[in-house]
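Listed below are the residues making up each chain.
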Number of protein chains: 2
Amino acid sequence: MSGRITLAEIAAEAGVSLATISKVLNGRSDVAATTRARVEEHLNRHGYTRRSTQQHAELIELVFHELESSWSMQVVEGVEDVAAAAGMSVVLTVSGNRHSPAPDWIEGVLRRRPAGVVLVFSDISAPHREKLRTRGIPFAIVDPAGDPSPDVPSVGSANWAGGLAATRHLIDLGHRRIAAITGPEDMMCSLARVDGYRSAMNAAGLPIDEAWIRYGDFHPGGGEARARELLALPDPPTAIFAGSDLQALGTISAARDAGLSVPSDLSVVGYDDIALARWMSPQLTTVHQPLRRMGEEATRLVLRMAQGAEPDTLRMDLATHLVVRGSTSAPPA
Amino acid sequence: MSGRITLAEIAAEAGVSLATISKVLNGRSDVAATTRARVEEHLNRHGYTRRSTQQHAELIELVFHELESSWSMQVVEGVEDVAAAAGMSVVLTVSGNRHSPAPDWIEGVLRRRPAGVVLVFSDISAPHREKLRTRGIPFAIVDPAGDPSPDVPSVGSANWAGGLAATRHLIDLGHRRIAAITGPEDMMCSLARVDGYRSAMNAAGLPIDEAWIRYGDFHPGGGEARARELLALPDPPTAIFAGSDLQALGTISAARDAGLSVPSDLSVVGYDDIALARWMSPQLTTVHQPLRRMGEEATRLVLRMAQGAEPDTLRMDLATHLVVRGSTSAPPA
């Protein structure tokens, strides 16, 4: 293509051999750090992108910051299914925190030369993004933790609408004192769910005591601790929107310890609809998040980009819907 | 080494070029099936094993036949941890059934040239085993489904002792009519657990009605269906050893539908101790199976073999122990 810079030109400009450029592109460790940095800088300055798709391994990289959540398996299944149908294998890495993978993660990816990268609950730093771009390795994010940069392809779900639906259901049952436990305060999905809760309360003309809103960690222990605080309030809530199914389990445990029965004394709504939600006692009323489909869509997006297609849209939010089961009822008289 | 056949000799004997042999060893698809079969046969006949470990990618292959069980994540975490500490990434494949991976799985493995393979709940066919052996790719199995060949390295847990401990606990509480739901009849772990149950009953001098022993599928739905049958017996059991935590959830659901309270009307013991077991209502009494450690040990074994070590022992069974929580109590008076 006219105007497109060649690797030979970049090598001449950076004062290194073509072999060195190739080593840097492939994540090899036998290049001095300063040389590597200089080469990366020249690659970035010219907006170089490796073109040939034949050079990629038949691999999709899938990066989690933790696996322990019950819902991660559903995302893995979705990614696995779409990858397998495309003849790809999945490399699973647990790395970093919920904001980004650990710094050394990227070198392994460059060495393996995958067809694409799917990150779950992690954003991707600008240097990592540049490194993937120059190697022509597309990536997408499933349900980002914070505000993903607007130019990063991502697949999420309708968190605000989910929070709204959960709270409306409780209002419709007759609840007035409704509390919300959401995830960590620095995660966009936490904020969106609690904003949905606020809007439902406001729309119904119900006042919100700020003591009713608590930030948890999406785990059972966090749900239990926050629910214990809520149930110890002078005028405790009759219903709790628990923000995740695991926090709902912790909430039910706290209720049991306080001698309360779910749902007759306390209604509880979860979020996620993990596979076990319908096997809980009581069966969990929850907001269904299409976790498996989110993994599928992110993988499809990455595979299309690997074949040279531009994504139709950079952000896709899949619909959520409320599943009413046994953990909600009218408030105690 | 003297006496060791070279690839050049095998090539001459099989009447193919060295390049063809190399393609077959690396799982490349551009070799006729008949040629491939002839080369494999010559490699096997001479017990050829590729020596150089430098030729392997920094990958561990992890193969599941299904991911949906809640316990699979724990195995994945164990494998991931040990692999990451050794600088390896994990390729996750969901393939085949609980007896062996799908036939086409092996070609991808040969192309990727991993340092080793960990199979979960799958045995490995003789032709697959030969292919891995000739390429010098070691493998180990986590918790095999059937009778694993005695020469296949595997890591399991003390299933018989677990079944014994679960049943003894129920006997000690005063139960006499104790039923057992185990996994599929063609899985060694199912048989071992139910044999532990039989031995505990026999040792206590308690008769076993054969109608009390049911084979499930290790999933909630199977547990629910089998428990429903047990509770419909003319003289129903007062306690059920449910064979897995998921089946225990199904059993509790069946009890609830029958108007029975757990544990006051029916005691239930699970098996596995999945992360959510302590968050169930009631909290689940269960046999702890060290799933994460089983994944870790199998991976360590494979990594040691990849470095040329012979395994100290081909079969390792990690200990299980009973965790008493809230789903068991004395039988109703």
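Residues numbered from 1 in each chain as written. Chains lettered and ligands numbered in written order. Predicted model: local features only at pLDDT ≥ 70, side-chain atom pairs only at ≥ 80, totals over all residues. Heavy atoms only, no water.

Participant: If you had to explain the overall build of chain A to someone new, which residues and values would you point to?
Facilitator: On a plain count of helices and strands, chain A comes out with eleven helices and twelve strands. Considering chain A as a whole, with its 333 residues, one finds that 58% of them fall into the buried category. At a minimum sequence separation of 6, the contacts of chain A that also span at least 24 residues come to 72%. Taken as a whole, chain A presents about 12,700 Å² of accessible surface, with 52% of it coming from carbon and sulfur. Between the averaged position of the 32 positive side-chain charges in chain A and that of its 39 negative side-chain charges there is a distance of 5 Å. (Helix = DSSP H or I, 4+ residues; strand = E, 2+ residues; numbered from the N terminus. Buried < 20%, exposed > 50% of the residue type's maximum accessible area, 1.4 Å probe, protein only. Contact = heavy atoms within 4.5 Å. Areas by Shrake-Rupley, 256 points an atom, 1.4 Å probe, with all protein chains shown as cover. Lys, Arg positive; Asp, Glu negative; His and termini not counted. Charge placed at Lys NZ, Arg CZ, Asp CG, Glu CD.)

Participant: An account of the packing of aromatic side chains is requested, with residue identities and associated values reported.
Facilitator: For the structure shown, the criterion picks out two aromatic pairs over all chains. Between F241 of chain B and Y271 of chain B the ring centres are 6.3 Å apart and the planes differ by 50°, which places this aromatic pair in the tilted class. In this pair, F241 of chain B sits in strand β8 (residues 239-241) while Y271 of chain B sits in strand β9 (residues 267-272), placing the two residues 30 residues apart along the sequence. One Lys or Arg, R278 of chain A, reaches over the ring of W279 of chain A and ends 4.1 Å from the middle of that ring. The lysine or arginine in question, R193 of chain B, covers the ring of Y271 of chain B, its NZ or CZ lying 3.7 Å from the ring centre. (Phe/Tyr/Trp six-rings, centres within 6.5 Å; stacked < 30°, edge-to-face > 60°. Lys NZ or Arg CZ within 6 Å of the ring centre and 35° of its normal.)

Participant: Kindly report on the pairing of strand β11 (residues 315-318) of chain A, identifying the contributing residues and their values.
Facilitator: All names here are of chain A. Side chains of β11 alternate between two faces, with M316 and L318 buried and R315 and D317 left unburied. In this structure, strand β5 (residues 154-157) lies alongside β11, joined through four bridges in parallel fashion. Following the sheet pairing, S154 is matched in β11 by R315. (Pairing = 2+ DSSP bridges.)

Participant: Which residues make up the pattern of salt bridges, and what are the values?
Facilitator: All names here are of chain A. For the structure shown, the criterion picks out 48 salt bridges over all chains. For R45, the salt bridge identified is with E41, shortest N-O distance 2.7 Å. Placement of the pair is R45 and E41 together in helix α3 (residues 33-45), with a separation of four residues, close to one helical turn. When the shortest N-O distance is used, the salt bridge between K131 and E107 registers 3.3 Å. Here K131, found in helix α6 (residues 126-134), pairs with E107, found in helix α5 (residues 105-112); they are 24 residues apart in sequence, far enough to count as distant. A relative accessible area of 17% places K131 in the buried class. The network of salt bridges with common partners includes E77, D81, R292, R293, E296, E297 and R300. (Salt bridge = Lys/Arg side-chain N within 4 Å of Asp/Glu carboxyl O.)

Participant: Quick one: what's the story with the domain arrangement of chain A, residue by residue and with numbers?
Facilitator: Per the domain assignment, the segments of chain A are domain 1 (1-48), domain 2 (52-157 + 293-316) and domain 3 (159-290). Here the C-alpha centre of domain 3 of chain A lies 31 Å away from the C-alpha centre of domain 2 of chain A. (Domains from an automatic or database assignment.)

Participant: Before we move on, could you go through the relation of the copies chain B and chain A and cite the residues and values that matter?
Facilitator: Of the two same-sequence chains, chain B is brought onto chain A (RMSD 0.0 Å, axial shift 0.0 Å) by a rotation of 180°. Those values place the two copies in the arrangement expected of a two-fold rotation axis. For chain B, the minimum C-alpha distance to the rotation axis belongs to V91 of chain B and amounts to 2.1 Å. Of the residues that chain B buries at the interface, 100% are likewise interface residues in chain A, meaning the two copies contact each other through the same surface. (Least-squares fit on C-alpha atoms with pLDDT ≥ 70 in both.)

Participant: Give a detailed account of the interface of chain B and chain A, specifying residues and quantitative values.
Facilitator: The partner chain A presents 35 residues to the 35 residues of chain B that form the contact. Roughly 2,800 Å² of surface becomes buried between chain B and chain A when both sides are summed, with 59% attributable to carbon and sulfur atoms. Area buried by chain B at its contact with chain A is led by M73, L276 and W279 of chain B, which between them contribute 25% of it. Summed over the shared surface of chain B and chain A, the result is two salt bridges. With a shortest N-O distance of 3.5 Å, E58 of chain A and R111 of chain B are connected by a salt bridge. (Buried area = accessible area lost by both parts, 1.4 Å probe.)

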